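# Residue-level structure breakdown
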Amino acid sequence: LVLEGARLFNVPDVQAARAAAAIECLHAYSLVHDDLPAMDDDALRRGKPSNHKVFGEAVAILAGDGLQALAFEVLADSGDANTRDLQVKLIRELAQASGACGMVGGQAIDIAACRQAAEADALSRMHRLKTGALIVAATRMGGLCSEASTTELDALTRYAQAVGLA
């Protein structure tokens, strides 16, 4: 989604590659943590034993934590002073999508819903945050790599929100 968002504005893949890699790191972290016993307690991920089943719960937590930190390191580590403004925008976008107002908030709703039947509004909010926020961030980060206008970013956001909810 990062690369496709950037391609809409004729940005070469190489210019959006760090943002795409950061999204992949954050997504992988979320899957490792989501499978943990304290979350969804999944023994399998894509037909294979989950990380915590193979390496133990402590290692899975550390692997997820490491992937999360790596996502931000990848964005911050370009070494090019000309791209500092873009780096800050990308880091902010990913941080907001992954934190309490994004993926973590959605996971909290998911955990609470396990104890009771979720209403349609709560279920929709959970999906917008848990999965949708990362989809929105990925799509917007592609646009940010091109210095897309506010109007263009808003259009990308609406598109990605619809995909995330779907």
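What this report covers is the structure whose coordinates are included nearby. (Residues numbered from 1 in each chain as written. Predicted model: local features only at pLDDT ≥ 70, side-chain atom pairs only at ≥ 80, totals over all residues. Heavy atoms only, no water.)

Take Arg128: it is sitting in helix 7 (residues 120-144). C-alpha separation for the pair Arg128 and Asp34, spaced 94 residues apart in sequence, amounts to 16 Å. Filtering out sequence-adjacent residues up to four positions away, Arg128 remains in contact with Ala133 and Leu165. (Helix = DSSP H or I, 4+ residues; strand = E, 2+ residues; numbered from the N terminus. Contact = heavy atoms within 4.5 Å.)

Once that is clear, we can look at the pattern of salt bridges. Evaluation of the coordinates by the stated rule reveals 9 salt bridges. Residue Asp34 is joined to Lys130 by a salt bridge in which the shortest nitrogen-to-oxygen separation is 3.5 Å. Remark: Lys130 occurs in helix 7 and Asp34 occurs in helix 2 (residues 13-34); sequence separation between them is 96 residues. When its relative accessible area of 18% is taken as the criterion, Lys130 is described as buried. Linked by salt bridges that have partners in common, Asp34, Asp35, Asp40, Arg45, Asp110 and Lys130 make up one network. (Salt bridge = Lys/Arg side-chain N within 4 Å of Asp/Glu carboxyl O. Buried < 20%, exposed > 50% of the residue type's maximum accessible area, 1.4 Å probe, protein only.)

Another aspect to go through is the nonpolar core. Core analysis: the biggest nonpolar cluster contains 28 residues, and Val2, Ile23, Leu94 and Met141 have the highest contact counts within it. Top contributing element to this core by residue count: helix 2, with 8 residues. Leave out the neighbours within four places in its chain, and Met141 touches Val2, Ala19, Ile23, Leu75, Leu90, Glu93 and Leu94. (Core = buried A, V, L, I, M, F, W, Y, C linked by side-chain atoms within 4.5 Å.)

With that settled, the discussion passes to the environment of Leu26. Residue position: Leu26 is located in helix 2. Along the sequence, Leu26 and Ala69 sit 43 residues apart, while their C-alpha atoms lie 8.4 Å from each other. Dropping the residues within four chain positions of it, Leu26 is found in contact with Gln68, Ala71, Phe72, Leu94, Ser98, Met103 and Leu134.

Turning our attention to helix 8 (residues 150-165). With 16 residues, helix 8 should cover 22 Å at 1.5 Å per step; its first-to-last C-alpha distance of 22 Å lies within 8% of that length. Three or more residues of helix 8 are buried, namely Leu153, Leu156, Thr157, Ala160 and Gly164. Viewed along the axis of helix 8, the buried residues span an arc of 105°, placing them on a single side of the element. Pointing more than 90 degrees away from the buried face of helix 8 are the exposed residues Thr151 and Arg158. Lining the buried residues of helix 8 we find helix 7. (Expected span 1.5 Å × (residues − 1). Arc of directions from axis to C-beta.)

In this fold, Thr139 is placed in helix 7. In terms of polar contacts, Thr139 uses its side chain to reach the backbone carbonyl oxygen of Ile135, at 2.9 Å. If near-sequence neighbours (up to four positions away) are discounted, Thr139 is found in contact with Leu1, Gly5, Leu156, Tyr159 and Ala160. (Polar contact = N/O pair within 3.5 Å; in protein donor to acceptor, adjacent residues only side chain to side chain.)

Bringing a nonpolar patch on the surface into the picture now. On the surface, a nonpolar cluster with roughly 270 Å² of combined accessible area is contributed by Leu1, Tyr159 and Val163. Mapped onto the fold, Tyr159 is located in helix 8. Residue Tyr159 is classed as partly exposed on the basis of its relative accessible area, which comes to 46%. (Patch = residues over 30% accessible without salt bridge, like charges linked within 9 Å, V, L, I, M, F, W, Y side chains within 5 Å. Areas by Shrake-Rupley, 256 points an atom, 1.4 Å probe, with all protein chains shown as cover.)

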